[in-house]
Amino acid sequence: MNANNVDGDEDLAVIGDRVADSNPPLPNDPMSVIAPLSASIPEDMDQVPPLSSVPTDSMVDIELKNIQLQYPLSRTLSKDSSSLLMHEDKVETPLGSMLVAVQGDRSKPAIITYHDIGLNHTACFQSFFNFVDNRMLLQNFCVYHVNAPGQEEGAATLPEGFEYPTMDQLADMLINVLDFYGLKRFIGFGVGSGANIMARFSLTHSDKVDALILVNCVSTQAGWIEWGYQKLNARHLKTKGMTQSAMDYLMWHHFGKATEERNHDLVHVYKQYFEKNVNAFNLGLFIDSYVKRTDLAIVRELDLMKKKTARMIKCPVMMVTGNNSPHVDDTVTMNGRLDPTNSNWMKLQDCGHVLEEQPAKVSEALRLFLQGQGYAVHRPNRMH
């Protein structure tokens, strides 16, 4: 036992010596360590060079060299790259020619659009059909964009004395479009005056219309105030060109009140378009025709027996307007004259021009409406 204890003590002594050798001895005076550090600090801090004088050769814009400024593309209402995918045809009729732009596969069901006054198919529908949620719509339908005579982009001035078609005649001219493309039936999509034309066509050719999407549609004739403003604007457009009063009226017609407060950039785009891209004389003729429109003379008949002979829009109808639109009351009036069993009325908030200011909501409503008519239109998958 004693021998073992002696050997253990010797081992501990050897280990202690190794630990002592591996650790340097602590200084007797701690200040001997601090003194060299304090000697390296200058007594006068003013002698310390500023950071601006430090050489920056080693800092060669490493963080910014891959950053490039990109300015946003300016929005226009003219044709863009998507227009290159459209095929345009001049459809001749006894009352004048119409430009029709075809977008999509012609083997698919047809949607025919008709624009409002002051616009053409590009200005009225291009941004809406380019909206991401409408990609599936273009995969399931072929869209035929109809332009009223002399309203297409870059249109030549109509000859002096040209008798512009009435609203009823403009509606009947759609028959020529159907014959040109061999279409039997279609879904109508109209805005403002174009919606009125679509409604007139459905009354006289109900067997050719499967459904109607009508934005800011008016079913009555022009009132005295509208008649006065429109006649004055039409005269100015035909004699003086695009005047400030005509432009202000067009902005009010499309966007309603407080437009500039809601979307200053969009207002600027439309004003630039009206000033530079619209053939004022041709527009004056179109406005003259619109202001002389007759009442649709439709009635809401609930009696099943009388429905067969009553003047009614017999196809399903979806009416859309914005709460800031000047045509809200007109759409309410028309909705009261439609068959409640196959019509819907929708008012969107915070907008006047629904296709421009609320495209997502209109797209969703359009998808559900078409699904209700038996069309398989699925919601696109968005990347989050």
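Before reading further, recall that the structure is shown in the block above.
Residue indices begin from 1 for each chain and proceed along its sequence in written order. Local features in a predicted model are, by the rule used here, given only for residues with pLDDT of at least 70; side-chain atom pairs are given and counted only at 80 or more, and totals for whole chains, interfaces and linings are based on all residues. Side-chain descriptors were evaluated using all non-hydrogen atoms of the structure, hydrogens and water having been removed beforehand.

**Examining the overall build of the chain**
- To qualify as a helix, a DSSP run of H or I must reach at least 4 residues; to qualify as a strand, a run of E must reach at least 2; elements of each kind are numbered from the N terminus. A count of helices and strands for the chain gives 16 helices and eight strands.
- Of all 384 residues assigned to the chain, the portion counted as buried reaches 46%.
- Accessible area for the chain stands at about 21,600 Å²; split by element, carbon and sulfur atoms hold 55% of it. Here's how the labels work: a residue is buried when its accessible area is under 20% of the maximum for its type, exposed when over 50%, partly exposed in between, all with a 1.4 Å probe on protein chains only. Working definition of accessibility: Shrake-Rupley area with a 1.4 Å probe, residue cover restricted to the visible protein chains.

**Some details on the side chain of Asn 216**
- Mapping Asn 216 onto the fold places it in the loop between strand S6 (209-215) and helix H8 (224-239).
- Taking relative accessible area as the criterion, Asn 216 reaches 7% and is therefore assigned buried.
- A distance of 2.8 Å separates a polar atom in the side chain of Asn 216 from a polar atom in the side chain of Thr 321.
- When sequence neighbours within four positions are dropped, the list of residues in contact with Asn 216 reads Gly 192, Val 320, Thr 321, Gly 322, Ser 325, His 327, Thr 331 and Gly 352. Nitrogen and oxygen atoms within 3.5 Å of one another constitute a polar contact, given that in protein one can donate a hydrogen and the other can accept it, and given that sequence-neighbouring residues count only through two side-chain atoms. Any two residues whose heavy atoms approach within 4.5 Å at even a single point are treated as in contact.

**Re the pattern of salt bridges**
- The term salt bridge refers to a pairing of a side-chain nitrogen on Lys or Arg with a carboxyl oxygen on Asp or Glu at a separation within 4 Å. Tallying each qualifying case throughout the model produces nine salt bridges.
- The salt bridge partner of Asp 288 is Lys 231, with a shortest N-O separation of 3.2 Å. Note that Asp 288 is positioned in helix H12 (residues 280-291) and Lys 231 in helix H8, a separation of 57 residues in sequence.
- The partner of Asp 339 in a salt bridge is Lys 307, and the shortest N-O contact between them spans 2.9 Å. Residue Asp 339 is located in the loop between helix H14 (328-335) and strand S8 (343-348), and its partner Lys 307 is located in helix H13 (residues 304-307); the two are separated by 32 residues in the primary sequence. As far as the burial class goes, Asp 339 and Lys 307 line up, both buried.

**Re the packing of aromatic side chains**
- Between the rings of Phe, Tyr and Trp (Trp by its six-membered ring), a pair exists once the centres lie within 6.5 Å; its type follows the angle of the planes, with under 30 degrees stacked, over 60 edge-to-face, and the other angles tilted. Applying the stated criterion to the full structure yields 17 aromatic pairs.
- Aromatic ring contacts, followed pair by pair, group Phe 125, Phe 128, Phe 129 and Phe 189 into a single cluster.
- Of note, Arg 293 hangs over the ring of Tyr 290, and the distance from its end group to the ring centre comes to 4.4 Å. Only Lys NZ and Arg CZ are tested; either one counts as a charge over a ring when it is within 6 Å of the ring centre and within 35 degrees of the ring normal.

**Things to note about the pairing of S6**
- With six of seven residues buried, S6 lies mostly within the body of the structure.
- Judged from the six bridges that link them, strand S5 (residues 186-191) and S6 form a sheet pairing that is parallel. Within the sheet, the bridge partner assigned to Phe 189 lies in S6 and is Ile 213.
- With helix H7 (residues 193-204) bridging S5 and its parallel neighbour S6, the resulting β-α-β unit is right-handed.
- One bridge is not enough; two strands pair if DSSP finds at least two bridges between them. Here S6 runs beside strand S7 (residues 317-322); their pairing, made up of four bridges, is parallel. Bridge assignment links Leu 212 to a residue of S7, and that residue is Val 317. With the strands aimed away from the viewer, a crossover counts as right-handed if its path from the first strand over the helix to the second runs clockwise.

**Considerations on H12**
- The length a helix should cover is 1.5 Å for every residue beyond the first. Taking 1.5 Å per residue as the helical rise, H12 with its 12 residues ought to reach 16 Å, and the 16 Å between its terminal C-alpha atoms agrees with that figure.
- When you tally the buried positions in H12, you get 12 out of 12 residues, the bulk of the element.
- By the burial criterion, the buried members of H12 are Ala 280, Phe 281, Asn 282, Leu 283, Gly 284, Leu 285, Phe 286, Ile 287, Asp 288, Ser 289, Tyr 290 and Val 291.
- For H12, the elements touching its buried residues are helix H5 (167-172), H7, H8 and helix H9 (244-255).

**Structural notes on the nonpolar core**
- The biggest cluster of nonpolar side chains holds 91 residues, and the ones touching the most others in it are Phe 189, Ile 313 and Met 334.
- Ranked by the residues each element gives to this core, the list is headed by H12, at seven residues. Here, nonpolar core means buried Ala, Val, Leu, Ile, Met, Phe, Trp, Tyr and Cys residues that are tied together by side-chain atoms lying within 4.5 Å of each other.

**Section: the packing of helix H6 (residues 174-181) against H7**
- For the pair H6 and H7, interaxial distance at closest approach is 11 Å and the crossing angle is 75°. Taken together, H6 and H7 sit at an angle that is classed as roughly perpendicular. Of the residues in H7, those touching H6 at Leu 174, Ile 175 and Leu 178 are Ile 197, Met 198 and Phe 201.
- For the contact of H6 with H7, the class distribution of residues is six nonpolar, no polar and no charged. Fitted lines through C-alpha atoms serve as axes, helices being fitted only where they are in contact, and the angles separating the N-to-C directions of these axes extend from 0 to 180 degrees. Working rule for angles: under 35 degrees goes down as roughly parallel, over 145 as roughly antiparallel, 65 to 115 as roughly perpendicular, anything else as oblique. Any residue that is not Ala, Val, Leu, Ile, Met, Phe, Trp, Tyr, Cys, Pro, Asp, Glu, Lys or Arg is counted as polar, Gly included; the first ten are nonpolar and the last four charged.

**Quick word on the pairing of S8**
- Relative to S8, S7 runs parallel, the two sharing six bridges. Residue pairing across strands places Thr 321 opposite Lys 347, the latter belonging to S8.
- Each parallel crossover has a hand, and the one from S7 via H14 to S8 is right-handed.

**Regarding H7**
- The terminal C-alpha atoms of H7, which comprises 12 residues, lie 17 Å apart, in line with the 16 Å expected from a rise of 1.5 Å per residue.
- The set of residues buried in H7 consists of Ser 193, Gly 194, Ala 195, Asn 196, Ile 197, Met 198, Ala 199, Arg 200, Phe 201, Ser 202 and Leu 203.

**Side note on the sheet that holds strand S3 (residues 110-114)**
- Across the sheet, eight strands lie side by side as S1-S2-S4-S3-S5-S6-S7-S8; this open sheet has mixed pairing. If you trace the sheet from one side to the other, it starts and ends with strand S1 (87-93) and S8, each paired once. This sheet shows a mean twist of 20° between the axes of neighbouring strands, independent of strand direction.

**As for the side chain of His 236**
- With respect to the secondary-structure elements, His 236 resides in helix H8.
- Exposure remark for His 236: the relative accessible area of 17% places this residue in the buried category.
- The residues touching His 236, leaving out its near neighbours within four places in the chain, are Gly 241, Thr 243 and Ser 245.

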